[in-house]
Amino acid sequence: MPLRPSSLADLAQRLLGKQLAELDPEQRRVLEGIETGKAVSRDAADVSDERADFGARLSDRVAAVGGSWSFIIAFSVVLVGWMILNSDVLGHFGLAFDPYPYIFLNLMLSTVAAIQAPVIMMSQNRQSEKDRLAASLDYETNLRAELDILRLHEKMDHLVIDRLAALEAKIDRLAQTPQEP
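Here the structure is a predicted model, which means the values were calculated and not measured. (Residues numbered from 1 in each chain as written. Predicted model: local features only at pLDDT ≥ 70, side-chain atom pairs only at ≥ 80, totals over all residues. Heavy atoms only, no water.)

**Q** Can you walk me through the nonpolar core in this structure?
**A** Nonpolar side chains in soluble globular proteins tend to be buried together. Leu8, Leu11, Ala12, Leu15, Leu23, Val30, Leu31, Ile34, Leu143 and Leu147 together form the largest nonpolar core, which totals 10 residues. For this core, the elements supplying multiple residues, two or more each, are helix 1 (8–16), helix 2 (25–36) and helix 6 (103–176). For this core, the leading source of residues is helix 1, giving 4 residues. With near-sequence residues (within four places) excluded, Leu15 lies in contact with Leu31, Ile34, Leu147, Leu150 and Arg151. (Core = buried A, V, L, I, M, F, W, Y, C linked by side-chain atoms within 4.5 Å. Buried < 20%, exposed > 50% of the residue type's maximum accessible area, 1.4 Å probe, protein only. Helix = DSSP H or I, 4+ residues; strand = E, 2+ residues; numbered from the N terminus. Contact = heavy atoms within 4.5 Å.)

**Q** Quick question: what am I supposed to make of the environment of Leu31 here?
**A** Its place among the elements puts Leu31 in helix 2. Take Leu31: its relative accessible area is 0%, and that puts it in the buried class. Residues in contact with Leu31, not counting those within four places in the same chain, are Leu8, Leu11, Ala12, Leu15, Leu16, Leu23 and Leu147.

**Q** Sorry, what's going on with the packing of aromatic side chains here?
**A** The description of an aromatic ring pair uses the distance of the two centres, along with the angle that the planes make with each other. What the rule picks out here adds up to 4 aromatic pairs. On the numbers, 5.3 Å between centres and 15 degrees between planes, the contact of Phe71 with Phe75 is stacked. In this pair, Phe71 and Phe75 both sit in helix 5 (residues 69–92), 4 residues apart, roughly one turn of the helix. Owing to a relative accessible area of 28%, Phe75 belongs among the partly exposed residues under this scheme. Between Trp82 and Phe97 the ring centres are 5.3 Å apart and the planes differ by 85 degrees, which places this aromatic pair in the edge-to-face class. Here the residue Trp82 occupies a position in helix 5, and Phe97 occupies one in the loop between helix 5 and helix 6, the gap between them amounting to 15 residues. For Phe97, a relative accessible area of 49% translates into the label partly exposed. (Phe/Tyr/Trp six-rings, centres within 6.5 Å; stacked < 30°, edge-to-face > 60°.)

Below you can see the structure in the form of C-alpha cells.
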C-alpha cells in the first residue's frame, strides 16, 4: 500500500503536530523535501562559501596565512634580517635607516598587529557562523531521518493492519465453511 500523498500542512500536522505557520524554516525545508522527495542534506562549508562576501573570504585567507607556521617562520626571518641589516651591515657604513632600538620596526609591527587582530576576529566570527550553520544543517538532516523513520513505521503499521485484516477474513471464511465428518 503506497503512502498517501500529503500536502505540506498535512505533513506538518501529522509528523510534527504543528500548524504550517508554526514551523521553523528548517522544519519547513525538511517537510518540503519530504513532499517533493528531495534530499535535504547539504554541506555546511559549501553553503557558507555561497553566502560569504568578499570581506569574509579575505578575512579567512588572512587568518589562514597569519595563523600558520610558515608565516611565523617567514616573519621571524624578516625581523632578524631587518635587525642584522640595520645593526651590522648598514650600521657599519653609517647608513642604518632604523638603528637600535628599531623604532620604525616597532611602528610597523604595531600597525600589522592593529590590522591583523580585527581581521582574525572577523574570521573567528565567520567560523562561529559556519558552526551555527553546520548545527542547523545537522538538525535538518536528523529531523528528516527521524520523520522518515516515523513514516516507515506508519507504513509498516498499515501493512500489518492490512495483513491482519486479510487473515481475519480468511479465518472467518474457514470458520463458515462446512466441515466434513
